[in-house]
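Observations on the model geometry
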Amino acid sequence: MYWKKKLKILMLAAATFFLCVVLAHGTDPNIGEMQVDREALEKRFGQKPYSPYAETGFPRQALWGDSHLHTGLSVDAGLFGCRLGLEDAYRFARGEQVLSSTGQPVKLSRPLDWLVIADHSDAMGLVNDLASAAPEVTRYEQGARWSKGLRAGGQIAVDTALDLITNFSQGNIDPDLVAAYSPGSKVYASVWDDVVKAADAYNDPGTFTALIGTEWTSLVMGNNLHRNVIFRDNGDKAGQVMPYTTLEPIGSTDPLKLYEWMTNYEKKTGGSVLALAHNGNLSNGLMFPVDAQYTGRKLDAFYVEQRAKWEPMYEITQIIR
Amino acid sequence: MNQFRLLSVWLMVCVFLLIQTPVFGDDVSVIGQDKGSLEKAIKKPSYSPYAGQNYPTKVLWGDTHVHTALSLDARAFGVTLDPEMAYRFARGEEISSSHGERLKLSRPLDFLVVADHSDAMGAMKEIINGNPNLLRDPIVRDWHDRIAKGGETALMATMDVIEQFTAGNVPEILTDETFIKNVWDDYLKTAEAYNDPGKFTTIIGYEWTSTPGGNNLHRNVLYRGGADEAKQMLPYTAAESMNPEDLWKWMETFEDKTGCQVLALAHNGNLSNGLMFPEINPVTKKPITEAYAKTRIRWEPIYEVTQIKGDGEAHPYLSPSDEFADFEPWDKANLGPNPKKKEMLQYEYAREALKKGLELEQKLGVNPYKFGMVGSTDTHTSLATAEEENFFGKHSGKEPAPDRWKKLVGEIGDIRWFGWEQVSAGYAAVWATENSREAIFDAMKRKEVYASTGPRMTVWFFGGWDFEEADALKRTPGRIGYAKGVSMGGDLYKAPAGKAPSFLVASLKDPYSGNLDRIQIVKGWLDKNNKAREKVYDVVWADADKRKIQKNGKLSAVGNTVDVKNATWTNTIGASELITVWKDPDFDPALNAFYYARVIEIPTPRWTAYDAKRYNVKMSDEVPMTLQERAYSSPIWYTP
């Protein structure tokens, strides 16, 4: 029987595995031409390895991270006084000590394994630029005024913040200033470029992973429909698009529009994204609809499919309880 | 302006918080603008309990003693894996053993020392491979050709090689400096390639394998620096000298020449037949001198106390009242055919050596045996396995197989060691500030290290004068430990009047292994006649509601849940963590003393039980099937 015979296998690179099998006790190094006992091999492949940890393939170590962190690039974080940027956030998460915005030294008990910086996509970087009096913002009259006020500190800064918010709510903002901090502008592109580059720089597989992300901050009459968008990809892909925002006409508060943007991203780049919602507790019944979407449209197969496709997980606990 | 409204609603959400916390303006002025107030703020203890901490917070695990195909004997026993594979396995990769068996560690190690024998390093590998340069020598060619024939011929040739090397009859071409340098340079290149600070550290090292008359005086030499320094001198060999004092001279020369620190750690005093921790210098036949003591402790700050060839913490003959002293002993003989005599034991075991050190310090002014303790494997398989369920043996002839338990692992003269006698141990735990060569080396120098027989339990051990019960309630023993005392390997300050030393000791179990049975503190001290004494205190234990110290002074046993037939157990007894503050009830400030912690696990299956289950074999009754794994901290010393 041919198959019962020992097979001769030439010493080729492809045969390395078989070589290892045969070099039992090493005192049988028939170098040049090796022999393999086929029966022994068949027996081996039918068996589990002795080592209980070999050939298992499943994850054995849980990796800890935060999928939802805002830096000073987020308008609200900036207004609250956050002056730490992308680098500070990554350095802190990977276990380094940093100074908080209030000047307090702070460090984690242990490093995290990964981090998603998910700054609000709307007006990303605006307050940061106000605080640093960047020319991109001070060239507008309102920008210059608010910048000065915020930098004055104390009560003046608080008044300025309120003034800024009031003007926003009344729509009394220079449309050019708004456009400058929306997708499509050079300023916005450069902010997103910073985000992507920082993630790539701090991404250190095996030690600390920086996942690129952003928050799509859909708020409908105060009802929280926020979603964080997380990229599987590095900057070479995530950098090809601008984050999706809520301000029309560029953005939308409708999750279906977000899914469309995600679909387009994957089509364009070959990459992958997912979204995860949070704070259903602040959605006043809109987070998990069973009847109609907030737009009034009935839930249909399309909505259900799309939602299940793009939102595999949900952020179930966080600071705002 | 609908879009503005949307944004504004969102911003309004922020406002309610903003109004309550109008902080941000002030903060801007604090940072970078008011330097004085910033400095003040930093000096205050920060709110974050982890800010400003500069002590080690995570213990690093490694093996300081792995042999690869570069070791003459390891290659002869069949290992084909090079240092590269040893590193890849240790850092957590799945690889194939020399026999093609797939294996992987449960978790990566943090560091590894490939410590191949310096004598004839790489020679066997190159003879077998048929290095054309070497084949020019007729003897080498003969060895190569016979080995290539395989079977019995190869085995005889292999033994011939070992015998010739042992006898010092080495063909010149193999002692040629160019050949040795090439091997060493290759070794260093690989070590550099796999050194990845922060993730996985490769510490450069080798084993100086001094075995005069079969007496094991082996030392591993570890480097703090990298290849640039290590390549400036070739490793020291036993062929040059078997006397440790000559090794120390080599180390001094190396440091002077390169500016790179080195240290040595000995192992297997149990196989030294009374020579590992001598009172009489075996070379001069005279009592060891102050110079010997000084030099020894300068170069040998730590000792490898547990490994595959037996545990070396304590021996029941020396510590008859310690019911845990009889752990995996290898006490038949030395590595030659010379049987053990009882009077040799006192110079072979760590606890006894620590005690002798106190006595010698009285005579010499220096304690030569003031060492810390680590465990390691001394495996000759390239595979740093120390876990019972994943044990790949002493050498590649003892990798997993149905009959490995009954086959000989070693035979010299009439002395035989059987496969089942191998100990699946141990690992070195290091309290380093970061995972780098420098930080790990420095921690070894300050003896902030401990030994484990395999499991990775965390052990904290601090000594001071002011620890109190409440300190054991904190979740960060290091924080309070370093603030109020010294860590393992350190020295207690001079005793304040009327005070006894107190110790903060804690352990957290290895999630892969058994629960904890108890923590003990082993005390050694000099009595009034300068005679060293010892006592083992049970200081904290699991299931304390049911277990008490009995009339005989012993804590009742923790129990046993091992199902030997199935090689399983349950963690239904024991504790996942233990912590306490213990004050020495018998302290005399006038007497020298040392203290170290011993952490004992509940019984779990021994590797033989896994073999019996997996291969469905019945082993003879003498083969132990359970064990209580343990950790030994480095001591803390008290000197009046």
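Residues numbered from 1 in each chain as written. Chains lettered and ligands numbered in written order. Predicted model: local features only at pLDDT ≥ 70, side-chain atom pairs only at ≥ 80, totals over all residues.

Now for the overall build of chain A. Regarding its fold elements, chain A presents 13 helices and 12 strands. Relative to its 321 residues, chain A shows a buried fraction of 38%. (Helix = DSSP H or I, 4+ residues; strand = E, 2+ residues; numbered from the N terminus. Buried ≥ 20, exposed ≤ 12 C-beta atoms within 10 Å, placed from the backbone.)

Let us now look at the sheet that holds strand β15 (residues 458-464) of chain B. Residue and element names in this part refer to chain B. Strand order in the open sheet formed by four strands is β16-β15-β17-β20, with antiparallel pairing between adjacent strands. Two strands lie at the open edges of the sheet, namely β16 (485-487) and β20 (577-583), each paired on one side alone. Direction aside, neighbouring strands of the sheet carry axes that sit 15 degrees apart on average. Across three bridges, β15 lies against β16 in antiparallel orientation. (Pairing = 2+ DSSP bridges. Axes fitted to C-alpha atoms, helices over the stretch in contact; angles between N-to-C directions.)

This part is about helix α8 (residues 154-170) of chain A. Residues and elements named next belong to chain A. The end-to-end C-alpha distance of α8, which contains 17 residues, comes to 25 Å, matching closely the 24 Å that a straight helix rising 1.5 Å per residue would cover. Those residues of α8 lying buried are A157, V158, T160, A161, L164, I165 and F168. Projected onto a plane normal to the axis of α8, the buried residues spread over an arc of 160 degrees and lie on a single side. Looking at α8, the residues exposed on the side facing more than 90 degrees away from the buried face are Q155 and Q170. Looking at the residues trailing α8, positive phi occurs at G171, about 75 degrees. (Expected span 1.5 Å × (residues − 1). Arc of directions from axis to C-beta.)

Moving on: the sheet that holds strand β3 (residues 65-69) of chain A. Think of a sheet as strands paired side by side through backbone hydrogen bonds, with each pair either parallel or antiparallel. All names here are of chain A. If you walk across this open sheet you meet the six strands as β3-β6-β7-β10-β11-β12, and the pairing is mixed. For this open sheet the edge positions go to β3 and β12 (313-315), each flanked by a neighbour on one side alone. Adjacent strand axes in the sheet meet at a mean angle of 25 degrees when their direction is disregarded. Here five bridges tie strand β10 (residues 227-231) to strand β11 (residues 273-278), and the two strands are oriented antiparallel to one another. Its bridge partner lying in β11, N228 is registered against L276.

The next point concerns the packing of helix α12 (residues 255-269) of chain A against helix α13 (residues 301-310) of chain A. Residue and element names in this part refer to chain A. With their axes 10 Å apart at the nearest point, α12 and α13 run at an angle of 55 degrees to one another. Between α12 and α13, the crossing angle belongs to the class labelled oblique. In this structure, the crossing between α12 and α13 has a hand that is left-handed. Contacts between α12 and α13 involve L256, Y259 and M262 from the former and Y303, Q306 and W310 from the latter. A class-by-class count of the residues in the contact of α12 with α13 yields five nonpolar, one polar and no charged. (Parallel < 35°, antiparallel > 145°, perpendicular 65-115°, else oblique. Left-handed = near helix turned anticlockwise from the far one by under 90°. Contact = placed C-beta atoms within 7 Å. Nonpolar A, V, L, I, M, F, W, Y, C, P; charged D, E, K, R; others polar.)

Of note, the bond from E248 of chain A into P249 of chain A is cis; its omega dihedral lies within 30 degrees of zero at 10 degrees. Residue G426 of chain B is bonded to the preceding A425 of chain B through a cis peptide linkage, with omega at -10 degrees. With respect to the helices and strands, G426 of chain B occurs in the loop between β12 (415-418) and β13 (427-430). At A133 of chain A, a position not held by glycine, the phi torsion is positive, near 50 degrees. Here K285 of chain B, not a glycine, exhibits a phi torsion of approximately 65 degrees, which is positive. Take K285 of chain B: it is sitting in the loop between β7 (262-267) and α14 (290-299).

Quick look at the pairing of strand β11 (residues 408-412) of chain B now. All names here are of chain B. Bridging between β11 and β12 involves four bridges; their strand directions are antiparallel. For L408, the partnering residue across the bridge sits in β12 and is F418. Remark: two residues form the turn of the hairpin made by β11 and β12, two consecutive strands paired antiparallel; G413 in that turn has positive phi of roughly 60 degrees.

Residue and element names in this part refer to chain B. Counted residue by residue, β7 has six buried out of six residues, so it is predominantly covered. Here β7 shows two buried faces, one formed by V262, A264 and A266 and the other by L263, L265 and H267. Note that strand β6 (residues 219-223) and β7 share five bridges and pair antiparallel. Paired with Y223 across the strands is V262, a residue of β7. Two strands pair when backbone bridges link them, and β7 and strand β8 (residues 302-307) are joined in this way by three bridges, in the parallel orientation. Residue pairing in the sheet places H267 in a bridge with E304 of β8. Taken together, β7, α14 and β8 constitute a β-α-β crossover, and its handedness is right-handed. (Right-handed = clockwise from strand over helix to strand, strands pointing away.)

Here we take up the packing of helix α4 (residues 86-93) of chain A against helix α10 (residues 186-202) of chain A. Residues and elements named next belong to chain A. Direction vectors running N to C along α4 and α10 enclose 25 degrees, while the axes themselves pass 10 Å from each other. Taken together, the axes of α4 and α10 lie roughly parallel to each other. Note that α4 runs across α10; the crossing there is right-handed. Facing L86, E87 and Y90 of α4, the residues of α10 in contact are D194, V195, A198 and Y202. Across the contact of α4 with α10, the residue classes break down as five nonpolar, no polar and two charged.

Once that is clear, we can look at the nonpolar core. Grouped together as the largest cluster of nonpolar side chains are 158 residues, with contacts concentrated most on L112, M373, V430, I440, V449, F503 and V505 of chain B. Looking at this core element by element, the count peaks at seven residues for strand β21 (residues 593-601) of chain B. In contact with F503 of chain B, not counting residues within four places along its chain, are F461, F462, G463, F467, I521, V581, W582 and Y595 of chain B. By size, the runner-up hydrophobic cluster in this structure holds 63 residues, among which are A77, I117, A118 and L164 of chain A. (Core = buried A, V, L, I, M, F, W, Y, C linked by C-beta atoms within 7 Å.)

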